[in-house]
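# Summary of structural features
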Amino acid sequence: MRSTLTVLSLAISAVSAGLFSASALADEQVINLYSARHYPTDEALYSDFTKATGIKINRVDSDDAGIIARLKAEGTASPADVILLVDAARLWKGEVDGMFLPIKSKTLETAIPSQLRSKPTDDGTAWFGLSTRARVVVYDKLKVKREDVDTYEELADPKNKGKLCIRSGSHPYNLSLFGAMTEHLGPAATEVWLKGMVDNMARAPKGGDTDQIKAVASGECGIAVTNTYYLARLMRSTNPAEKAVAERVGVVFPNQQSWGTHVNVAGGAVARYSKNQANAVKFLEYLVSPEAQNHFANGNNEWPVVKGMKLDNPALKAMTGGNFKSELVPISAVGMNQIKVQQMLDRVGFK
Amino acid sequence: MVFSSRLFLRCVLAVLALLLALPVLTVLFSWAQWNDASASILAEMASTVLPDYVGTSLLLCALVSVGVISMGTVSAAAVTLFDFPMRRSLEWALLLPLAMPAYVVAYAYTDYLQFSGPLQTGIRAAFGLEGRVFPEVRNVWGAACVFTLALYPYVYLLARTALSERANHLMEAARLLGAPLSRRILRVALPLARPAIAAGTALALMETLADFGVSSYFGIQTFTAGIYKAWLVMDNRIAAAQLATLLLIVVVVLLAAEQRAQSRLRFSSARVDRHGSESQPLKLQGAAAAFVWTLCVLPVLCGFVLPVLFMFRALLQGDGVMDLPWSRFVQWSVTSLSLGGMTALLAVGAALLLAAQARLHPNWLTRQAMGVVSLGYAVPGAVIVVGLLLPVGWVQATWPQSGVGFWLTATVLGLVWAYLVRFVAVALQSVQSGYARVPASLDDSARMLGTSGLSLVRRVHWPLLKKPLAAATLLVLVDVMKELPATLVLRPFNTDTLAIMAYQLARDERLGEAALPSLALVLVGLLPVILLSRTLRRN
């Protein structure tokens, strides 16, 4: 027992020294990044930035809620410089809660369409969208007709009874989609629509988006809602089984004839109490450079936000021919609808 | 001098108890912050989903209790009371599932057994079938199985420690008095292990109640899911904290029931056992040996071997595994181990201090402090984070120059604090169940011989508590390595752990890649399991 404890304590003291010193943050040429992105491919993005600018990145990956809770507690003592979140409603919430430092950057304003960044004030813009993923419908090509799932509204149509698979309604991707639908249809019709989807479900909501696609491919469900990012990954997989899953399903970008397909926005902002503001802005500007946008698009299967970016991703191209009509609902409205939507979900029994 | 050192000790204990109780107190304090927004959210939830959450949580707890008690007790009794082929190996192999996070077990089984998984797809293809071949994995029953497999080692470990200390010679005595085997087990061995079984079950249930990973992946609506919903979706921390207090009430009832059960029985005897020829386990042969062997192999097979094989399969077929930064695996492992080790030592130290104080100077205040500290384990990790961040945020806002917010997240202090809040309860359960078996008359004798206070703890209690303390160290260490919500939010820059990597990849639905850090987590978790299992046996 004693020898066990000695070995343990030696290891601990050696490493805890390392842990403490790792957080002794240098003053110069560094940015401290709080990121809700958690993709292994992002490593290359960060190391490229460090190579190009000499600015080192200290990073913590967490989920959006954790990052916001952490920022609130740290207050003025927060070491954060840049914050990356993966849901527009959360970005809006961060802005409302005063987490971000509005900035003025010609590079960012020119590169990013106005509906994909926050509304500018005299102080500047609070956050910027950096990439998007479309929320699409996949269907079983053998059993479902494409024209039966042309719109989000049809997901609740009785003709699709017993066919629908979808992840939990409380997931941010779905909350944002339902929040946007509330803007289009109004709350009462949206609640009816949500109830219709519950009635159409092939199974109770569970798992992630990839699970839904696999459920369609295996015949468990006829239609499912997913982000393009997950579908593209299966399409580009080197694993034959995963490729076969992608080949079995068809994809529809809903509402192309009306208000367009809903997109989830991933974006970034400078932290309110950033001590390395210039570096932070430099980093955000780097994220709209062709190299970084190419990385989002080709490395991570997201849609770039910069207008006129050439898309080299074969999966994204195959889905739409490279372009589609995306919805233009104000993100603030989607964010504000979130609580209302959750309460509707609870009322109609959408888990 | 004696007086001042005692006073000092009490102050240390008071500060310790306060620090550990802070998040729970913050949660309780939430009722003082009652406002219209939180009231309307709670009212809305109460009229729609809360009854379901409560029902599901209770059903889950009932199923998990039955599962862990039967699996943990049967295996502990088998390896301590009987001798059969491979007993020595199974003795430590039964601990292996301890190294597996419940969410990894859930991922592994789901990936393999679900409708679109390889097993069902294969069967459908082979026999030309359509539709579902097996029942759905992802429901309350499936979750109960996952929790049972992942959590039975708590009962096994504590029950085995209790049984191996004194059961054999009492069983021998009962045999000499003519009691048949079944009676010896039911009337002698199991009552002896009862506090340990109760403590283990309480730990398993608290872990079940605090879980989010398995229930969110399985889409089952537990009470904790409601707490997360109020916090993350409704963005109302007050409502989340208020809901968490209801969870705390359930846990208070659990703990009270367990303590009541303990207090009715007198577990300690004046005699301290010695291992001798009379305490050898009963040798089994033939069908009896095969039966007991099967009972012990099943938990290892289902709780460890199969999930590991399923993960290997996912890993081999996974896409993009080669893109992982391999060189950082060592770094993640070292971080996991060191955070776990550091917390384990501190938690066991704190638990020993608290339990010793309760033993030597039992009074109302000590009991309350212990009660509140014990609650920490049942509070979902995310609620502990809120419970820590809220008061720290308030201090930071009131005294901006203090930098307390910085120290909380830019160093490991905040993280270790959160771990201690959650896991001192684990150590405390083990130490207390150990103390329950140390006869009070030993304290009296020691006092008569002039030894009291810390010296009594060091000279009399410590040697008798070594096994429960070792068990506590193991439990905390492995628990910390698997912990997610607090680690996710409070860790300093550039300090990823294996659990974080496994979770991040699984969250991104890259199960093939998540399998690698998961397997590494299991591998690193095995080291302390084997090390301490050997220590337990040697002692």
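Here is a short report on the structure shown in this document. (Residues numbered from 1 in each chain as written. Chains lettered and ligands numbered in written order. Predicted model: local features only at pLDDT ≥ 70, side-chain atom pairs only at ≥ 80, totals over all residues. Heavy atoms only, no water.)

Glancing now at the overall build of chain A. For chain A, the helix and strand inventory stands at 15 helices and 9 strands. Expected size for 351 residues packed as a compact globule is a radius of gyration near 20 Å; at 22 Å, chain A falls within 12% of this value. The principal-axis extents of the C-alpha atoms in chain A amount to approximately 65 × 60 × 40 Å. Scored against the burial criterion, the 351 residues of chain A give a buried share of 63%. (Helix = DSSP H or I, 4+ residues; strand = E, 2+ residues; numbered from the N terminus. Rg over C-alpha atoms; globule rule 2.2 N^0.38 Å. Buried < 20%, exposed > 50% of the residue type's maximum accessible area, 1.4 Å probe, protein only.)

This brings us to the nonpolar core. Counting residues in hydrophobic clusters, the biggest one holds 188 residues, and the most contacted among them are B:Phe84, B:Val214, B:Phe218 and B:Leu354. Counting residues per element, this core draws most heavily on helix 7 (residues 140–176) of chain B, at 19 residues. Ignoring any residue separated from it by four or fewer positions in sequence, one finds B:Val214 in contact with B:Ala102, B:Tyr103, B:Ala106, B:Ala143, B:Val146 and B:Phe147. Counting 82 residues, the second largest nonpolar core, distinct from the first, contains A:Ala215, A:Ala266, A:Leu284 and A:Phe296. (Core = buried A, V, L, I, M, F, W, Y, C linked by side-chain atoms within 4.5 Å. Contact = heavy atoms within 4.5 Å.)

Another point: the state of the cysteines. Evaluated as defined, the whole model comprises 1 disulfide over all chains. The thiol sulfur of B:Cys61 is not disulfide-bonded, and the nearest other cysteine sulfur, from B:Cys145, lies at 15 Å. (Disulfide = S-S within 2.5 Å.)

Once that is clear, we can look at the interface of chain B and chain A. One widely used convention gives an interface's size as the accessible area the parts lose upon coming together. Each partner contributes to the interface: chain B provides 70 residues, whereas chain A provides 73 residues. Summing the contributions of chain B and of chain A, the shared interface buries around 6,200 Å²; its carbon and sulfur component is 58%. At the boundary of chain B and chain A, one finds 9 salt bridges. Across the salt bridge formed by A:Lys93 and B:Asp235, the nearest N and O atoms sit 2.5 Å from each other. At the boundary of chain B and chain A, one finds 24 residue pairs in polar contact (both at pLDDT 80 or more). Here the element with the most residues in the side of chain B that touches chain A is helix 13 (residues 328–360) of chain B; it accounts for 8 residues. Class assignment of the residues belonging to the side of chain B that touches chain A gives a composition of 33 nonpolar, 20 polar and 17 charged. (Buried area = accessible area lost by both parts, 1.4 Å probe. Salt bridge = Lys/Arg side-chain N within 4 Å of Asp/Glu carboxyl O. Polar contact = N/O pair within 3.5 Å; in protein donor to acceptor, adjacent residues only side chain to side chain. Nonpolar A, V, L, I, M, F, W, Y, C, P; charged D, E, K, R; others polar.)

What follows is about empty space enclosed by the protein. The full count for this structure, using the stated rule, is 6 cavities of 30 Å³ or more. Its volume calculated, the largest cavity comes out at about 140 Å³. Contributions of two or more residues to the lining of the largest cavity are made by strand 2 (56–61) of chain A together with helix 13 and helix 21 (498–507) of chain B. Top contributing element to the lining of the largest cavity by residue count: helix 21 of chain B, with 3 residues. In terms of residue class, the lining of the largest cavity is made up of 7 nonpolar, 2 polar and 5 charged. Of the volumes computed, that of the second largest cavity is approximately 90 Å³. Contributing to the lining of the second largest cavity are B:Val104, B:Tyr107, B:Ala108, B:Asp111, B:Phe310, B:Met311, B:Ala314, B:Leu511, B:Ala514, B:Ala515 and B:Ser518. (1 Å grid on protein atoms, 1.4 Å probe; cavity = no way out; pocket = protein on both sides within 12 Å on 5 of 7 lines; lining within 4 Å. Points joined across faces, edges and corners; volume = space filled by probe spheres on them.)

Evaluated as defined, the whole model comprises 36 salt bridges over all chains. A salt bridge links A:Glu43 to A:Arg59, with the shortest nitrogen-to-oxygen separation between them at 3.0 Å. Pair noted here: A:Glu43 is in helix 2 (residues 42–53) and A:Arg59 is in strand 2, with a separation of 16 residues, a long-range link. Using a relative accessible area of 15% as the deciding quantity, one classes A:Arg59 as buried. In this structure, the salt-bridge partner of A:Arg167 is B:Glu509, at a minimum N-O distance of 3.3 Å. One end of the pair, A:Arg167, is in the loop between strand 5 (164–165) and helix 6 (172–185); the other, B:Glu509, is in the loop between helix 21 and helix 22 (511–538), on a second chain. Comparing A:Arg167 with B:Glu509 shows no difference in burial state: the two are buried.

This part covers the packing of helix 2 (residues 36–48) of chain B against helix 3 (residues 50–81) of chain B. Residue and element names in this part refer to chain B. At a closest axis distance of 4 Å, the pairing of helix 2 and helix 3 adopts a crossing angle of 65°. In contact with Met45, Ala46 and Thr48 of helix 2, helix 3 contributes Leu50, Pro51 and Tyr53. Grouping the constituent residues of the contact of helix 2 with helix 3 by class yields 5 nonpolar, 1 polar and no charged. (Axes fitted to C-alpha atoms, helices over the stretch in contact; angles between N-to-C directions.)

All right, on to the side chain of B:Arg138 then. With respect to the helices and strands, B:Arg138 occurs in the loop between helix 6 (118–127) and helix 7. The class of B:Arg138 is buried, set by a relative accessible area of 1%.

Note that every value here comes from positions in space, so none of it alone points to a role or purpose.
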